[in-house]
Amino acid sequence: MGQLVTIDANPAGNFTAPPVNHYQAYRPKPFTRAERETTTLLFGGLTWKHERMMQGALHNLKYKAEPLPNIARDDLDAGKELIDVGACCPTIFTTGSLVNFLKKEVALHGKEQTSKNYVYLTAGACGPCRFGQYHESYAMALDGLGLKDFRLFLLAQDELDQGESGGGGLDINMPLSLGLIWSILCGDVITDLEYATRPYEVNPGQTDAVLKECIEYMYKVFHDRPEQGGKLSTLTFHLASGYFTKALKEVRKKWDAIEVDRTRVKARVKITGEFWLQTHEGDGNYNIKKWLEQEDSEVVPPPVAVWLHYLMHPVIRKLEHRHSTSKHPKRDDLVLKGLERLYVGTYNRFRKALANIPNELPDQMELKNLAEPFYHFELRGGEGHMLIGKALYAYHHKKAHMICELSPYSCMPNTMSIGSMANVIGKYPDLLYAPIEVKGDAEVHALSRCQMILTEAKKRSQSEFEEVLKKTGLTIEAIHEYEKHHPELRRATYKIPHKGYSGTSANYVLHLAQDRGLARA
């Protein structure tokens, strides 16, 4: 049934249609240079470790900056109240987190002062998924709170130097971008070290205590980062100087104090999935990493660095296929591939500073080739083909006993990935794969689903450990006796080489037999 439209007549007898109010996208008011000293940049979306170092990088550039509180269950309720009910779980949680923070500030200082005191800074999202429109959800929520004047700015993920933005208060330049990226890389390698240590710690809580001390130390490292001046000198400093590797070696020294027992058998679980859910540590994904550790597992966390590496490759492929508008595609291709080698090399330098315990970055071309029979690499929604590629990479290289993929409820890219994984499992039926759909309020169902696959992963980890003990003729008692005379083996920073098994304990025993000469009694 059509809508009745009223048409008014003017005094001359001419009829005029009512004015049409077209939709206008959210446009923040300017954030000026003069406001920088009194306005706080809010940000979030990663782990507290990454965010603390990012805060140091922002403070280094004289910005006031504060990460939002870690996601809590109440944020889901706040998000559902103010945005589209069809939004995905990460969008609802992140919007709710911002909403709850602003509500508290409004209660203390009022709407006008809150809009003046804070600016929210976030990255532009990843293409054709609902999370790609999450800034619209923020705008809807701000409207619902009566905070239309609150300022929200998006950063492009693939541009290091975007110049002044939104009035000059925010200058997206090389020192800012490289400071944030390097804090992410350092956050990644320290997080890898953390998850490789905590399941085996002899003194419960020691890893978390040392971790907190190390992150505060790294905050100061980023806060005191020397100013370099121009773009080239800034880039050279971050790529070539030993400033950050020296700092990470100090982290390694602090980590030396942690005693571990690697004869404890743990199922190794690789986390994949939608970017926010796989990175998050908290209520947003049912605290699944913590839960897995409580269930006698060693979690292999996903580095944010893999995503940043992935972003380089669509540009490289455009240049290779001559689909780029560049006037010098061959030159640009060589430059970009050179930057890629420098990027991976930098990550490896950071790994080396931490005794090479953090996992290496997977080769992007290998991920593409592994996934290609099942998922086309040009389907760039969410994590794209990487969800397939990372599962097969972990399987073929024996990096984990099982894959746990975290997907937002009804997420289009992840639904495609899970569908493709059905084909993968058909070809590799012994690949243990647990797709977990996260709604935010169905924890028991999600964890019980993961528990079913985890039970088999635990059996495999125990079986391979017993196989290695039998093969080498060693016993746990003999290993512990040997460790008394070689205390370095009990340090968390002692590197266990990969010997062809998925589990840390199995590789450890084989290393003692083959490389350290420990023989049966």
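Anything mentioned here points back to the structure above.
Draft legend 1. Examining the sheet that holds strand 11 (residues 402–408) more closely. Read across the open sheet, the four strands follow the order 10-9-11-12; overall the sheet is parallel. At either margin of the open sheet sits one strand with a lone partner, and together these are strand 10 (297–300) and strand 12 (432–438). Across the sheet, the mean angle from the axis of one strand to that of its neighbour is 25 degrees, orientation sign disregarded. In terms of strand pairing, strand 11 meets strand 12 through seven bridges, oriented parallel. Paired with Ile403 across the two strands is Tyr433, which belongs to strand 12. Packing of helix 15 (residues 386–396) onto the sheet brings it into contact with strand 9 (267–273) and strand 11, and relative to strand 9 it is tilted by some 165 degrees.

Draft legend 2. Summary view of helix 15. Among the eleven residues in helix 15, nine count as buried, and that is most of the element. Of all the residues in helix 15, the buried ones are Met386, Leu387, Ile388, Gly389, Lys390, Ala391, Leu392, Tyr393 and Ala394.

Draft legend 3. Region of the structure containing the side chain of Thr39. Residue position: Thr39 is located in the loop between strand 2 (15–16) and strand 3 (40–43). Thr39 sits in the buried class, given a relative accessible area of 1%. Among the polar contacts made by the side chain of Thr39, one reaches the main-chain carbonyl oxygen of Lys116 at a distance of 3.3 Å. Not counting residues within four places of it along the chain, the set of residues in contact with Thr39 comprises Phe31, Lys64, Lys116, Asn117, Tyr118, Val119 and Arg151.

Draft legend 4. Focus on the pattern of salt bridges. Under the criterion given, the structure shown has 30 salt bridges. Here Lys266 ties to Asp296 by a salt bridge, and the two come within 3.0 Å at their closest N and O atoms. You can see Lys266 sitting in the loop between helix 9 (243–255) and strand 9 and its partner Asp296 sitting in the loop between helix 11 (288–294) and strand 10, a full 30 residues away along the chain. Judged by its relative accessible area of 41%, Asp296 is partly exposed. One connected set of salt bridges, linked through shared partners, spans Lys49, Glu194, Arg198, Asp208, Glu281 and Glu293.

Draft legend 5. Spotlight on the packing of aromatic side chains. Under the defined criterion, the tally for this structure stands at eleven aromatic pairs. With a centroid separation of 6.0 Å and 45 degrees between ring planes, the pair formed by Phe275 and Trp307 is classed as tilted. Taken together, the residues Phe275 in helix 10 (residues 275–279) and Trp307 in helix 12 (residues 304–320) connect sequence positions 32 residues apart. In this structure Trp307 comes out as buried when scored by relative accessible area, which is 7%. Plain terms: the ring middles of Tyr395 and Tyr428 are 5.3 Å apart, the flat faces sit at 55 degrees to each other, and that makes the pair tilted. With a gap of 33 residues between them, Tyr395 in helix 15 and Tyr428 in the loop between helix 16 (412–427) and strand 12 connect regions that are remote in the sequence. Taking relative accessible area as the criterion, Tyr428 reaches 18% and is therefore assigned buried. Seen from the ring of Tyr219, Arg52 lies directly overhead, with NZ or CZ sitting 3.7 Å from the centre. When the ring centre of Tyr195 is taken as origin, the NZ or CZ atom of Arg198, which lies over that ring, is 5.0 Å away.

Draft legend 6. Quick peek at the pairing of strand 4 (residues 64–67). Two elements, strand 3 and strand 4, share four bridges in a ladder whose sense is parallel. What sits directly across from Thr40, in strand 4, is Lys64. The parallel pair strand 3 and strand 4, bridged by helix 1 (residues 48–60), forms a crossover whose chirality is right-handed.

Draft legend 7. Up close: the pairing of strand 10. Of the two faces of strand 10, the one carrying Ser297 and Val299 and the one carrying Glu298 and Val300 are both buried. Bridging between strand 9 and strand 10 involves four bridges; their strand directions are parallel. Among the inter-strand pairings, Ala267 is bridged to a residue of strand 10, identified as Ser297.

Draft legend 8. Geometry of the sheet that holds strand 3. A sheet is described by the order of its strands in space; here four strands give the open sequence 4-3-5-6, paired in parallel fashion. Sheet topology places strand 4 and strand 6 (151–155) at the edges, where each strand pairs with a single neighbour. Strand-to-strand twist of the sheet, defined as the mean angle between neighbouring strand axes without regard to direction, takes the value 30 degrees. Strand direction decides the pairing type here: strand 5 (residues 118–123) and strand 6, joined by five bridges, are parallel. Looking across to strand 6, one finds that Val119 is bridged to Arg151. With respect to the sheet, helix 1 is in contact with strand 3 and strand 4, its orientation differing from that of strand 4 by roughly 175 degrees. Across the sheet, helix 3 (residues 89–109) touches strand 3, strand 4 and strand 5, and the angle it forms with strand 5 is around 175 degrees.

Draft legend 9. Representation of the packing of helix 7 (residues 206–223) against helix 9. Where helix 7 meets helix 9, the closest approach of the two axes is 10 Å, and the angle between their N-to-C directions is 160 degrees. Of the possible angle classes, the one that applies to helix 7 and helix 9 is roughly antiparallel. With respect to the hand of their crossing, helix 7 and helix 9 are arranged in right-handed fashion. Facing Thr207, Val210, Leu211, Glu213, Cys214, Tyr217, Met218, Val221 and Phe222 of helix 7, the residues of helix 9 in contact are Tyr243, Phe244, Ala247, Leu248, Glu250, Val251, Lys254 and Trp255.

Draft legend 10. Highlighting the packing of helix 6 (residues 174–197) against helix 9. Relative to each other, helix 6 and helix 9 sit at 20 degrees, their axes nearing to 12 Å. On the basis of their axis angle, the class for helix 6 and helix 9 is roughly parallel. Helix 9 is crossed by helix 6, and the crossing has right-handed handedness. On the side of helix 6, the interface is formed by Trp182, Cys186, Val189, Ile190, Leu193, Glu194 and Thr197, while helix 9 contributes Phe244, Leu248, Val251 and Trp255. Here the residues of the contact of helix 6 with helix 9 are counted per class, giving nine nonpolar, one polar and one charged.

Draft legend 11. Layout of the environment of Lys458. Structurally, Lys458 can be placed in helix 17 (residues 443–472). When the C-alpha positions of Lys458 and Gly503 are compared, they lie 9.9 Å apart, and in sequence the two are 45 residues distant. If we ignore the near neighbours within four places in the chain, the residues touching Lys458 are Ala267, Glu295, Asp296 and Gln451.

Draft legend 12. Just unusual backbone geometry, in detail. Not every positive phi belongs to a glycine, and Tyr286 is a case in point at roughly 65 degrees. Mapped onto the secondary structure, Tyr286 falls in the loop between helix 10 and helix 11. Judged by relative accessible area, Tyr286 falls into the buried class, the value being 4%. Positioned with a positive phi, Ala355 is a non-glycine residue whose angle comes to about 65 degrees. You can see Ala355 is positioned in the loop between helix 13 (329–353) and helix 14 (364–371).

Calculation notes
Residues numbered from 1 in each chain as written. Predicted model: local features only at pLDDT ≥ 70, side-chain atom pairs only at ≥ 80, totals over all residues. Heavy atoms only, no water. Pairing = 2+ DSSP bridges. Helix = DSSP H or I, 4+ residues; strand = E, 2+ residues; numbered from the N terminus. Axes fitted to C-alpha atoms, helices over the stretch in contact; angles between N-to-C directions. Contact = heavy atoms within 4.5 Å. Buried < 20%, exposed > 50% of the residue type's maximum accessible area, 1.4 Å probe, protein only. Polar contact = N/O pair within 3.5 Å; in protein donor to acceptor, adjacent residues only side chain to side chain. Salt bridge = Lys/Arg side-chain N within 4 Å of Asp/Glu carboxyl O. Phe/Tyr/Trp six-rings, centres within 6.5 Å; stacked < 30°, edge-to-face > 60°. Lys NZ or Arg CZ within 6 Å of the ring centre and 35° of its normal. Right-handed = clockwise from strand over helix to strand, strands pointing away. Parallel < 35°, antiparallel > 145°, perpendicular 65-115°, else oblique. Left-handed = near helix turned anticlockwise from the far one by under 90°. Nonpolar A, V, L, I, M, F, W, Y, C, P; charged D, E, K, R; others polar.

The analysis is restricted to geometry; functional conclusions fall outside its scope.
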